[in-house]
Amino acid sequence: MGEYLLIIISAIFVNNILLAQFLGICPFLGVSNKLSTAAGMSGAVCFVITLATVVTYLLNSYVLSPFGLEFLQTISFILVIAALVQMVEIVLKKTSPSLYQALGIFLPLITTNCAVLGVAITVVTKEFAFGGTAHLLNLGESTVYALATSLGYGLAMCLFAGLREHLALNSVPKAFKGLPIALITVSIMAMAFLGFSGMV
């Protein structure tokens, strides 16, 4: 249980995929103008990251590794992620047309969101150190890591969207309007999250 707690705290706060690892920045900057859109995108990314990690973990463990096909990891993981995004797109189109319209072009961009592929590859290749020993994550730990990472992504995106909505109501110097003030805000958020680094 302690290992799972360490994984959750580390993935959400200490090694936040957006603010510490800088993965998934494109949709982060593109969809974060409104809190409602950012929350919808976060939910879609959360679902895709978690499901993609489980499927790619099983694919790697039971197909690629046993047959010595690890060199096909990247291409096979990309194909799995693309298929899952298509599934999410179909479900959103039927269940929530307003969210589907709001996300627009950014929904297909989850396919090329490096955060999704980054988590899937990290889980099967990187050794994590818990309790003094380093080991690859098992399926349960991988699922928890993926879910916590995607929650960290959603937390950062929603916080940033709230800040951008607030900034839109304030007078910002002309030279800083738009993307410059957004990047300054992200850098301050990243420094704030750096304060969690002593927790794990």
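All figures in this text were calculated on a predicted structure; none of them were measured in a lab.

### Comments concerning the confidence of the model for the chain
Now for step 1: Per-residue confidence for the chain gives a mean pLDDT of 87, with 96% of residues at or over 70.
Now for step 2: Mean pLDDT values for the elements of the chain range from 74 in strand β1 (residues 128–130) up to 93 in helix α7 (residues 139–168).

### Regarding the packing of helix α3 (residues 35–64) against helix α6 (residues 114–125)
Now for step 1: The N-to-C vectors of α3 and α6 enclose an angle of 40°; their axes lie 9 Å apart at closest approach. Judged by the inter-axis angle, α3 sits oblique to α6. For the pair α3 and α6, the sense of crossing is right-handed. Contacts between α3 and α6 involve Val48, Ile49, Ala52, Thr53, Thr56, Tyr57 and Asn60 from the first element and Ala115, Val116, Val119, Ala120, Val123 and Val124 from the second.
Now for step 2: Looking at the contact of α3 with α6 residue by residue, the classes come out as ten nonpolar, three polar and no charged.

### What about the nonpolar core?
As a rule of thumb, soluble globular proteins bury nonpolar side chains together.
Now for step 1: Leu19, Phe28, Ile110 and Tyr145 are the most contacted members of the largest nonpolar core, which totals 49 residues.
Now for step 2: Broken down by secondary-structure element, the contributors of at least two residues to this core are α1 (2–14), α2 (25–30), α3, α4 (73–95), α6, α7 and α8 (179–194).
Now for step 3: Counting residues per element, this core draws most heavily on α3, at nine residues.

### A few points about the packing of α3 against α4
Now for step 1: Running from N to C, α3 and α4 point in directions that differ by 140°, and their axes come no closer than 9 Å. With respect to their mutual orientation, α3 and α4 come out oblique. Seen along the crossing, α3 lies across α4 with a hand that is right-handed. Contacts between α3 and α4 pair Ala44, Phe47, Val48, Leu51, Ala52, Val55, Thr56, Leu59, Asn60 and Leu64 from the former with Gln73, Ser76, Phe77, Val80, Ile81, Leu84, Val85, Met87 and Val88 from the latter.

### Looking at the side chain of Asn113
Now for step 1: Position of Asn113 relative to the elements: it lies in the loop between α5 (97–103) and α6.
Now for step 2: Side chain to side chain, Asn113 and Tyr153 meet in a polar contact 3.4 Å long.
Now for step 3: Apart from residues no more than four positions distant in its own chain, Asn113 is found in contact with Gly24, Pro27, Val45 and Tyr153.

Reading the values: rules and limits
Residues numbered from 1 in each chain as written. Predicted model: local features only at pLDDT ≥ 70, side-chain atom pairs only at ≥ 80, totals over all residues. Heavy atoms only, no water. pLDDT = per-residue confidence, 0-100. Helix = DSSP H or I, 4+ residues; strand = E, 2+ residues; numbered from the N terminus. Axes fitted to C-alpha atoms, helices over the stretch in contact; angles between N-to-C directions. Parallel < 35°, antiparallel > 145°, perpendicular 65-115°, else oblique. Left-handed = near helix turned anticlockwise from the far one by under 90°. Contact = heavy atoms within 4.5 Å. Nonpolar A, V, L, I, M, F, W, Y, C, P; charged D, E, K, R; others polar. Core = buried A, V, L, I, M, F, W, Y, C linked by side-chain atoms within 4.5 Å. Buried < 20%, exposed > 50% of the residue type's maximum accessible area, 1.4 Å probe, protein only. Polar contact = N/O pair within 3.5 Å; in protein donor to acceptor, adjacent residues only side chain to side chain.

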